[in-house]
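# Chain and residue survey
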Amino acid sequence: MAAKAVLLLLALLPFSSLALSQDFCVADLPRGDTPAGYPCKPQTDVTADDFYYRGLGTTGPTINPFNIGLSSAFVTRFPGVNGLGISAARVDFAPGGVVPLHSHPGGTELLFVIEGTVSAGFITSLTNKVLTKTLYKGDLMVFPQGLLHFQYNLGNDTAVALSSYSSANPGLMILDFALFANDLPSDVVNKVTVLDELEVRKLKALFGGSG
(Lines give C-alpha, C1' and ligand atoms only; values in the text may rest on other atoms or scores of the structure.)
Protein backbone atom coordinates (compact mmCIF):
# COMPACT_ATOMS: atom_id res chain seq x y z
CA MET A 1 0.00 0.00 0.00
CA ALA A 2 2.80 2.39 0.92
CA ALA A 3 4.56 1.70 -2.40
CA LYS A 4 1.39 2.53 -4.36
CA ALA A 5 0.97 5.72 -2.36
CA VAL A 6 4.55 6.79 -3.15
CA LEU A 7 3.97 6.25 -6.87
CA LEU A 8 0.74 8.23 -6.76
CA LEU A 9 2.39 11.07 -4.87
CA LEU A 10 5.30 11.30 -7.27
CA ALA A 11 2.92 11.22 -10.25
CA LEU A 12 1.06 14.24 -8.86
CA LEU A 13 4.14 16.38 -8.45
CA PRO A 14 4.44 19.44 -10.67
CA PHE A 15 8.09 19.91 -9.78
CA SER A 16 10.46 20.60 -12.65
CA SER A 17 13.68 18.62 -12.69
CA LEU A 18 16.95 20.47 -12.99
CA ALA A 19 18.28 20.58 -16.52
CA LEU A 20 20.82 17.81 -17.02
CA SER A 21 23.29 17.43 -19.84
CA GLN A 22 23.12 13.66 -19.36
CA ASP A 23 20.45 11.13 -18.48
CA PHE A 24 21.20 11.18 -14.76
CA CYS A 25 23.85 11.90 -12.17
CA VAL A 26 23.88 9.25 -9.46
CA ALA A 27 25.50 10.80 -6.40
CA ASP A 28 29.06 9.73 -5.65
CA LEU A 29 28.50 10.18 -1.90
CA PRO A 30 32.09 9.49 -0.73
CA ARG A 31 33.32 12.50 -2.72
CA GLY A 32 31.19 14.86 -0.64
CA ASP A 33 28.48 17.42 -1.30
CA THR A 34 29.05 20.70 -3.18
CA PRO A 35 26.91 23.82 -3.76
CA ALA A 36 25.92 22.25 -7.09
CA GLY A 37 25.10 18.86 -5.55
CA TYR A 38 27.07 15.65 -5.32
CA PRO A 39 29.53 14.74 -8.08
CA CYS A 40 28.37 12.06 -10.49
CA LYS A 41 29.27 8.44 -10.03
CA PRO A 42 30.94 7.10 -13.20
CA GLN A 43 28.19 5.72 -15.41
CA THR A 44 30.16 2.52 -15.87
CA ASP A 45 29.72 1.91 -12.13
CA VAL A 46 25.97 2.68 -12.05
CA THR A 47 23.58 -0.19 -11.37
CA ALA A 48 19.80 -0.54 -11.04
CA ASP A 49 20.23 -0.48 -7.25
CA ASP A 50 21.20 3.21 -7.46
CA PHE A 51 17.64 3.98 -8.61
CA TYR A 52 15.88 1.70 -6.13
CA TYR A 53 15.07 2.34 -2.45
CA ARG A 54 13.05 0.34 0.07
CA GLY A 55 13.48 2.67 3.03
CA LEU A 56 9.92 4.04 3.00
CA GLY A 57 8.26 0.64 3.16
CA THR A 58 8.38 0.44 6.96
CA THR A 59 8.26 2.78 9.95
CA GLY A 60 11.48 4.71 10.46
CA PRO A 61 13.42 5.35 13.68
CA THR A 62 11.46 7.05 16.47
CA ILE A 63 12.22 10.71 17.11
CA ASN A 64 11.80 11.62 20.75
CA PRO A 65 10.09 13.37 22.43
CA PHE A 66 7.75 13.81 19.45
CA ASN A 67 6.43 10.24 19.24
CA ILE A 68 6.88 9.89 15.48
CA GLY A 69 8.81 7.57 13.21
CA LEU A 70 10.65 9.23 10.33
CA SER A 71 12.31 7.72 7.29
CA SER A 72 13.66 9.71 4.36
CA ALA A 73 14.67 9.14 0.76
CA PHE A 74 16.93 12.17 0.37
CA VAL A 75 20.02 11.99 -1.82
CA THR A 76 22.21 10.86 1.08
CA ARG A 77 20.14 7.67 1.29
CA PHE A 78 18.90 7.44 -2.29
CA PRO A 79 21.77 8.51 -4.61
CA GLY A 80 19.70 8.12 -7.78
CA VAL A 81 17.69 11.30 -7.07
CA ASN A 82 20.81 13.48 -7.27
CA GLY A 83 20.25 16.39 -9.65
CA LEU A 84 16.63 15.44 -10.36
CA GLY A 85 14.95 17.95 -8.03
CA ILE A 86 12.92 15.37 -6.13
CA SER A 87 13.01 13.28 -2.94
CA ALA A 88 10.60 11.79 -0.42
CA ALA A 89 9.99 10.93 3.23
CA ARG A 90 7.56 8.96 5.39
CA VAL A 91 6.18 9.92 8.80
CA ASP A 92 4.37 7.53 11.14
CA PHE A 93 2.49 9.41 13.86
CA ALA A 94 1.71 7.41 17.01
CA PRO A 95 -1.33 8.70 18.92
CA GLY A 96 -0.33 12.14 20.15
CA GLY A 97 2.59 12.23 17.71
CA VAL A 98 3.70 15.57 16.33
CA VAL A 99 6.11 16.87 13.71
CA PRO A 100 7.17 20.08 15.46
CA LEU A 101 7.74 23.45 13.81
CA HIS A 102 10.43 22.99 11.19
CA SER A 103 11.47 24.21 7.76
CA HIS A 104 13.11 22.86 4.62
CA PRO A 105 15.48 25.59 3.38
CA GLY A 106 16.07 23.83 0.07
CA GLY A 107 12.68 22.67 -1.12
CA THR A 108 8.88 22.81 -1.16
CA GLU A 109 7.05 19.89 0.51
CA LEU A 110 3.92 18.11 -0.71
CA LEU A 111 2.29 15.99 2.02
CA PHE A 112 -0.05 13.07 1.24
CA VAL A 113 -1.97 11.35 4.07
CA ILE A 114 -2.34 7.60 3.54
CA GLU A 115 -3.77 6.64 6.94
CA GLY A 116 -5.45 8.51 9.79
CA THR A 117 -6.28 12.16 10.42
CA VAL A 118 -3.63 14.86 10.65
CA SER A 119 -3.70 18.56 11.45
CA ALA A 120 -1.16 20.47 9.38
CA GLY A 121 -0.25 24.09 8.82
CA PHE A 122 2.41 26.67 8.06
CA ILE A 123 3.24 30.25 9.02
CA THR A 124 3.60 32.95 6.38
CA SER A 125 6.75 35.06 6.52
CA LEU A 126 5.18 38.43 5.66
CA THR A 127 2.31 38.58 8.18
CA ASN A 128 2.96 35.54 10.43
CA LYS A 129 -0.48 34.27 9.48
CA VAL A 130 -1.06 30.61 10.39
CA LEU A 131 -2.77 28.54 7.69
CA THR A 132 -4.03 25.16 8.95
CA LYS A 133 -6.15 22.29 7.63
CA THR A 134 -7.40 18.98 8.91
CA LEU A 135 -6.20 16.31 6.50
CA TYR A 136 -7.87 12.95 5.99
CA LYS A 137 -6.80 9.84 4.11
CA GLY A 138 -6.12 10.80 0.49
CA ASP A 139 -5.67 14.54 1.19
CA LEU A 140 -2.74 16.63 0.02
CA MET A 141 -1.23 19.82 1.42
CA VAL A 142 1.71 21.86 0.16
CA PHE A 143 4.22 23.72 2.34
CA PRO A 144 6.17 26.44 0.51
CA GLN A 145 9.95 26.31 0.60
CA GLY A 146 11.59 27.70 3.73
CA LEU A 147 8.42 28.38 5.72
CA LEU A 148 7.92 27.01 9.23
CA HIS A 149 5.30 24.26 9.26
CA PHE A 150 3.99 21.43 11.43
CA GLN A 151 1.77 18.34 11.51
CA TYR A 152 0.24 16.33 14.34
CA ASN A 153 -2.00 13.29 14.77
CA LEU A 154 -5.62 14.13 15.59
CA GLY A 155 -6.79 10.54 16.04
CA ASN A 156 -6.44 7.69 18.49
CA ASP A 157 -4.72 5.40 15.99
CA THR A 158 -1.44 5.67 14.11
CA ALA A 159 -1.47 8.06 11.17
CA VAL A 160 0.87 7.73 8.20
CA ALA A 161 1.88 10.39 5.68
CA LEU A 162 4.26 10.54 2.74
CA SER A 163 6.01 13.69 1.62
CA SER A 164 7.74 14.62 -1.61
CA TYR A 165 10.11 17.54 -2.06
CA SER A 166 11.21 19.75 -4.93
CA SER A 167 14.85 18.99 -4.14
CA ALA A 168 17.03 15.93 -3.81
CA ASN A 169 18.27 17.40 -0.52
CA PRO A 170 15.67 19.84 0.89
CA GLY A 171 17.35 20.15 4.27
CA LEU A 172 15.65 20.07 7.65
CA MET A 173 15.77 22.54 10.53
CA ILE A 174 13.63 21.63 13.55
CA LEU A 175 13.01 24.72 15.67
CA ASP A 176 13.23 22.91 19.03
CA PHE A 177 16.61 21.36 18.19
CA ALA A 178 17.90 24.61 16.71
CA LEU A 179 17.07 26.47 19.94
CA PHE A 180 17.79 23.89 22.60
CA ALA A 181 20.21 21.27 21.23
CA ASN A 182 23.02 23.78 20.73
CA ASP A 183 25.82 25.12 22.95
CA LEU A 184 24.57 28.71 23.05
CA PRO A 185 24.57 29.86 26.70
CA SER A 186 21.14 29.73 28.31
CA ASP A 187 21.22 33.41 29.21
CA VAL A 188 21.82 34.28 25.55
CA VAL A 189 18.90 32.08 24.45
CA ASN A 190 16.84 33.91 27.08
CA LYS A 191 17.82 37.28 25.60
CA VAL A 192 17.15 36.40 21.98
CA THR A 193 13.88 34.51 22.58
CA VAL A 194 12.52 36.18 25.78
CA LEU A 195 11.91 32.67 27.14
CA ASP A 196 12.44 32.24 30.87
CA GLU A 197 16.04 31.15 31.51
CA LEU A 198 14.98 28.30 33.82
CA GLU A 199 12.71 27.00 31.06
CA VAL A 200 15.57 27.31 28.59
CA ARG A 201 17.81 25.21 30.87
CA LYS A 202 15.04 22.61 31.23
CA LEU A 203 14.60 22.40 27.45
CA LYS A 204 18.36 22.22 26.87
CA ALA A 205 18.48 19.24 29.22
CA LEU A 206 15.59 17.62 27.32
CA PHE A 207 17.10 18.12 23.87
CA GLY A 208 20.73 17.48 24.79
CA GLY A 209 22.05 21.02 24.54
CA SER A 210 24.76 22.62 26.66
CA GLY A 211 25.63 26.08 27.93
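Before reading on, note that the structure itself is shown above.
Residues numbered from 1 in each chain as written. Predicted model: local features only at pLDDT ≥ 70, side-chain atom pairs only at ≥ 80, totals over all residues. Heavy atoms only, no water.

Let's shift gears to the sheet that holds strand S10 (residues 159-165). Pairing is antiparallel across the open sheet formed by 6 strands, whose spatial order is S1-S2-S3-S10-S5-S8. Each having just a single partner strand, strand S1 (62-63) and strand S8 (140-143) make up the two edges of the open sheet. Relative to S8, strand S5 (residues 109-115) runs antiparallel, the two sharing 4 bridges. Bridge pairing in S8 links Leu111 to Met141. (Pairing = 2+ DSSP bridges. Helix = DSSP H or I, 4+ residues; strand = E, 2+ residues; numbered from the N terminus.)

A regular strand places its side chains on the two faces of the sheet in alternate fashion. Relative to strand S9 (residues 149-153), strand S4 (residues 98-103) is paired through 3 bridges, and the arrangement is antiparallel. Among the inter-strand pairings, Val99 is bridged to a residue of S9, identified as Gln151. Relative to strand S11 (residues 173-174), S4 runs antiparallel, the two being bridged by 2 bridges. Among the inter-strand pairings, Ser103 is bridged to a residue of S11, identified as Met173.

What follows covers the state of the cysteines. Taken as a whole, this structure holds 1 disulfide when the rule is applied. With its sulfur 2.0 Å from that of its partner, Cys25 forms a disulfide with Cys40. Across the S-S bond linking Cys25 and Cys40, the dihedral sits near -110 degrees, which makes this disulfide left-handed. On the criterion of sequence distance, the pair formed by Cys25 in the loop between helix H1 (2-12) and S1 and Cys40 in the loop between H1 and S1 is long-range, its members being 15 residues apart. Classification of Cys25 as buried rests on a relative accessible area of 9%. The exposure class of Cys40 is partly exposed, given its relative accessible area of 32%. (Disulfide = S-S within 2.5 Å. Buried < 20%, exposed > 50% of the residue type's maximum accessible area, 1.4 Å probe, protein only.)

On to the nonpolar core. Ile68, Phe93, Leu135, Met141 and Phe143 are the most contacted members of the largest nonpolar core, which has 21 residues in total. The set of elements that each furnish at least two residues to this core consists of strand S3 (87-93), S5, strand S6 (118-123), S8, S10 and helix H4 (197-207). Residues Tyr38, Val75, Val81 and Ala168 belong to the second largest nonpolar core, which totals 9 residues. (Core = buried A, V, L, I, M, F, W, Y, C linked by side-chain atoms within 4.5 Å.)

Those residues of H4 lying buried are Val200, Leu203, Lys204 and Phe207. All buried residues of H4 fall inside an arc of 105 degrees around its axis, so they share one side. Within H4, the exposed residues directed more than 90 degrees away from the buried face are Leu198, Lys202, Ala205 and Leu206. Against helix H2 (175-180) and helix H3 (186-193) lie the buried residues of H4. For H4, the N-terminal cap is Asp196; the gap from its side-chain oxygen to the backbone nitrogen of Leu198 is 2.9 Å. (Arc of directions from axis to C-beta. Contact = heavy atoms within 4.5 Å. Polar contact = N/O pair within 3.5 Å; in protein donor to acceptor, adjacent residues only side chain to side chain.)

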